[in-house]
Amino acid sequence: MKTVAFIGLGNMGGPMAANLVKANYVVKGFDLSEDAKDQAQKDGVEVVENVDEAVAASDAVITMLPAGKHLLSVYEVTLKAAKPGSLFIDCSTVDVDSSRTAHDAAEKAGMLSLDAPVSGGVGGATAGTLTFMAGGTKEAFDKAHELLDVMGGKIVHCGGAGNGQAAKICNNMILGISMIASSEAFNLAEKLGLDHQALFDVASTSSGQCWSINTYCPVPGPVPTSPANNDYAPGFAAALMLKDLKLSQDAAKSAGVSTPLGSHAEELYQSFNDAGGSGVDFSGIINHLKGDK
Ligand code: NAD
């Protein structure tokens, strides 16, 4: 593959497209935002004026969009404009139903299709170390590998259509719940006169250990790289955590699965967002739980 269309050049898509340029792909980019287009142009992306133009000359079409409705409206146009047999890779985080609808439409149009949402944030997108969770046929996965390799560090094939999205929302439901649990434990410890470092030294090496404590500790001190040491600047903003928890709860409802902690985590992140926390790192919920904001 030589030429790649990249639709959605925002915080994540911009640096992902820039890494493809650095790896010598011709990248034809499109976005609705002038700022995103200007930055992409500076990064060597050939910015085009409409989405058809981006896909017509490309072997693969990558999307990195806000939500399912954007994905489906972009696919409506791009599936008609692309060369038959092109590879469609959607890296956005969207609901499982929209993802599967997009796969069906791509298959009907004679395209290969993969959902490949990511974890790793803007830092991972810039460094080319994202984790990709992919859903789709083995043929689509194998073909996508060379592109995902440029943008990521770990690539997992999770099964058929939509399974990448399923893995992403299940993982992030664990993350939201574990961050709340870790935050509650640090808040309780503080009131009981136990210092942060002491709880960290115990929990990070015993049965309480988890990513939210060991790598992303919500209090300043024990893990110097965690956002708690930088006034909770994101990182991974609380608005994005809320988005992913909502997607997990929509999926749980539509699959008839009981997820009471996932549901309560969604309520707590909603409350944090409503209180002005949407642009704060998601670990900042520790202060909201304490009643500070
Ligand atoms: P963003 O808002 O910065 O970028 C989305 C871009 O899509 C914007 O530039 C917007 O103008 C563009 N867009 C919207 N509709 C369009 C259309 N019809 N045609 C062309 N462009 C269109 O968002 P982001 O942070 O880059 O996130 C993108 C996706 O990645 C989301 O699904 C998000 O949930 C997921 N994600 C984000 C992060 C993160 O840390 N930011 C981490 C993991 C996953």
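Placed above this text is the structure.
Given the structure is predicted, the values throughout are model-derived calculations rather than measurements.

J.: Help me out: how do you make sense of helix H4 (residues 68–81) in this one?
T.: Note: α-helices contain 3.6 residues per turn, so residues at a spacing of three or four share the same orientation. Its 14 residues place the ends of H4 20 Å apart at the C-alpha level, agreeing with the 20 Å of an ideal helix rising 1.5 Å per residue. Along its length, H4 shows its largest kink, about 30°, at tyrosine 75. The inward-facing, buried residues of H4 abut strand S1 (3–7), helix H3 (51–56), strand S4 (60–63), strand S5 (87–90) and helix H5 (96–108).

J.: I'm lost on the site of the ligand in this one. Help?
T.: Not every one of the 27 residues close to the ligand is listed here, only the nearest: Gly8, Gly10, Asn11, Met12 and Thr93. For the shell around the ligand, the secondary-structure elements that each account for two or more residues are H4, strand S7 (118–119), helix H6 (121–127) and helix H11 (238–255). Element by element, the count of residues in the shell around the ligand is highest for H4, at 3 residues. A breakdown of the residues in the shell around the ligand according to their chemical character gives 14 nonpolar, 11 polar and 2 charged. If you count residues domain by domain, the shell around the ligand takes at least three from each of domain 1 (3–160) and domain 2 (166–290).

J.: Would you mind showing me how to read the pairing of S4 here?
T.: Every second residue of S4 is oriented toward a common face, with Ala60 and Ile62 on one face and Val61 and Thr63 on the other, all of them buried. Relative to S5, S4 runs parallel, the two being bridged by 4 bridges. Residue pairing across strands places isoleucine 62 opposite isoleucine 89, the latter belonging to S5. Once you follow S4 into H4 and on to S5, the crossover reads as right-handed.

Calculation rules
Residues numbered from 1 in each chain as written. Predicted model: local features only at pLDDT ≥ 70, side-chain atom pairs only at ≥ 80, totals over all residues. Helix = DSSP H or I, 4+ residues; strand = E, 2+ residues; numbered from the N terminus. Expected span 1.5 Å × (residues − 1). Bend = angle between axes of the 7 residues up to and from the residue. Contact = placed C-beta atoms within 7 Å. Near = placed C-beta within 6 Å. Nonpolar A, V, L, I, M, F, W, Y, C, P; charged D, E, K, R; others polar. Domains from an automatic or database assignment. Buried ≥ 20, exposed ≤ 12 C-beta atoms within 10 Å, placed from the backbone. Pairing = 2+ DSSP bridges. Right-handed = clockwise from strand over helix to strand, strands pointing away.

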